[in-house]
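Residue-level structural notes
Listed here are the chains, written in short residue letters.
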Amino acid sequence: MSAIPKWTIVTPMANEGKEFAPFIEALNREMDALGSGHVILVVDRVSKDNTRELAEQCAKADPRYTCLWEPSTRNVVDAYLAGFRLALEMGFDWIVEMDAGMSHDPAALPQFLAALAEGYDCVFGSRFLPGGSMGDSPPSRKFLSEAGTVAARLLLGSKGTDMTSGYEAFTCDVLTKLVGYPMISTAHFYQTEVRYLLRNRRWTEIPIHYRAPSPRVSRGAIKNSFSALGHYTKLRLTRQALSL
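The notes below deal with the structure included here. (Residues numbered from 1 in each chain as written. Predicted model: local features only at pLDDT ≥ 70, side-chain atom pairs only at ≥ 80, totals over all residues. Heavy atoms only, no water.)

Two elements in contact, helix 1 (residues 17-34) and helix 4 (residues 109-117), have axes separated by 10 Å at closest approach and are oriented at 45 degrees. Taken together, the axes of helix 1 and helix 4 are oblique relative to one another. Within the contact between the two elements, helix 1 uses Leu27, Glu30 and Leu34 and helix 4 uses Leu109, Pro110 and Leu113. Looking at the contact of helix 1 with helix 4 residue by residue, the classes come out as five nonpolar, no polar and one charged. (Axes fitted to C-alpha atoms, helices over the stretch in contact; angles between N-to-C directions. Helix = DSSP H or I, 4+ residues; strand = E, 2+ residues; numbered from the N terminus. Parallel < 35°, antiparallel > 145°, perpendicular 65-115°, else oblique. Contact = heavy atoms within 4.5 Å. Nonpolar A, V, L, I, M, F, W, Y, C, P; charged D, E, K, R; others polar.)

Our next topic: the environment of His209. Turning to its location among the elements, His209 is positioned in the loop between strand 7 (203-207) and helix 8 (219-237). Look at His209 and you get partly exposed, because its relative accessible area is 43%. Counting along the chain gives 126 residues from His209 to Gly83, while the straight-line C-alpha distance between them is 23 Å. Contacts of His209, omitting those with residues within four sequence positions, involve Ser103, His104, Asp105, Gly131, Gly132 and Ser133. Here Gly131 takes part through its backbone oxygen, which lies 3.3 Å from a polar atom of the side chain of His209. (Buried < 20%, exposed > 50% of the residue type's maximum accessible area, 1.4 Å probe, protein only. Polar contact = N/O pair within 3.5 Å; in protein donor to acceptor, adjacent residues only side chain to side chain.)

This part takes up the sheet that holds strand 5 (residues 122-126). Across the sheet, which stays open at both edges, the seven strands sit in the order 3-2-1-4-6-5-7 with mixed pairing between neighbours. Pairing within the sheet leaves two strands with one partner each, and these edge strands are strand 3 (65-69) and strand 7. Between one strand axis and the next, the sheet turns through 20 degrees on average, direction left out of account. Here strand 1 (residues 7-13) pairs with strand 4 (residues 94-97) via four bridges, running parallel. Bridge pairing links Val10 to Glu97 in strand 4. Contacting strand 1, strand 2 (39-43) and strand 3, helix 2 (residues 51-61) crosses the sheet at an angle of about 145 degrees to strand 3. Sheet strands touched by helix 6 (residues 172-179): strand 4, strand 5 and strand 6 (168-171). Its angle to strand 6, the strand with the most contacts, is close to 100 degrees. (Pairing = 2+ DSSP bridges.)

Turning our attention to unusual backbone geometry. Positioned with a positive phi, Asn15 is a non-glycine residue whose angle comes to about 55 degrees. Mapped onto the elements of the fold, Asn15 is located in the loop between strand 1 and helix 1. Since its relative accessible area comes to 39%, Asn15 is described here as partly exposed. Positive phi, close to 70 degrees, is recorded for Met102, a residue that is not glycine. Position of Met102 relative to the elements: it lies in the loop between strand 4 and helix 4. The class for Met102 is partly exposed, based on a relative accessible area of 24%.

None of the figures reported here should be taken as evidence of function without further support.
Following this line, the structure appears as structure tokens:
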């Protein structure tokens, strides 16, 4: 790959102590091979183990890492947005959103960057494209992901093959618009909301492999998803559909 713009990864981290070392090692391999890259590790009060200490030590030892301590975040969406704002303040051209704990495979990073280099504004990871997978995810998680995608396609007119994946990448222009928008989602529907709002941008999907960290999805997250889906469906039906 030829020289690429300045880029970073934003990854919220909570109770990642067990998987911290292998995750950082995997990121290092990819950044070493690419000859560039940076990572913003966002940690908040949800984390009860030594994740914050590990992230701070990592940032102190390696300038490619920044630890962002955000104790005031209310949910994972706040953590994403806090990381995005810092990435924009630091002047990054491309920003990758990624889950920690090896849920998302760092080996896919070159594909995201290559797609951005082709001129796409947004690149979305898809577990349902040929070559993608949900690995050892429990049936309940697979069902929610598939059902969420079907609902978004039917009710919102979305075209993506995977509307709930959290592995994605954006240009700074797109991300500036996104962080300035009052997101409705507080949990899993956030990924669908992002794809819906950016549907008129130049976007593409790439296959990814995913490993679910937990089979549990809270009732609050499901309730918020239905509420947000209803909101955007109503706007679409009344011809008030939004886009960024």
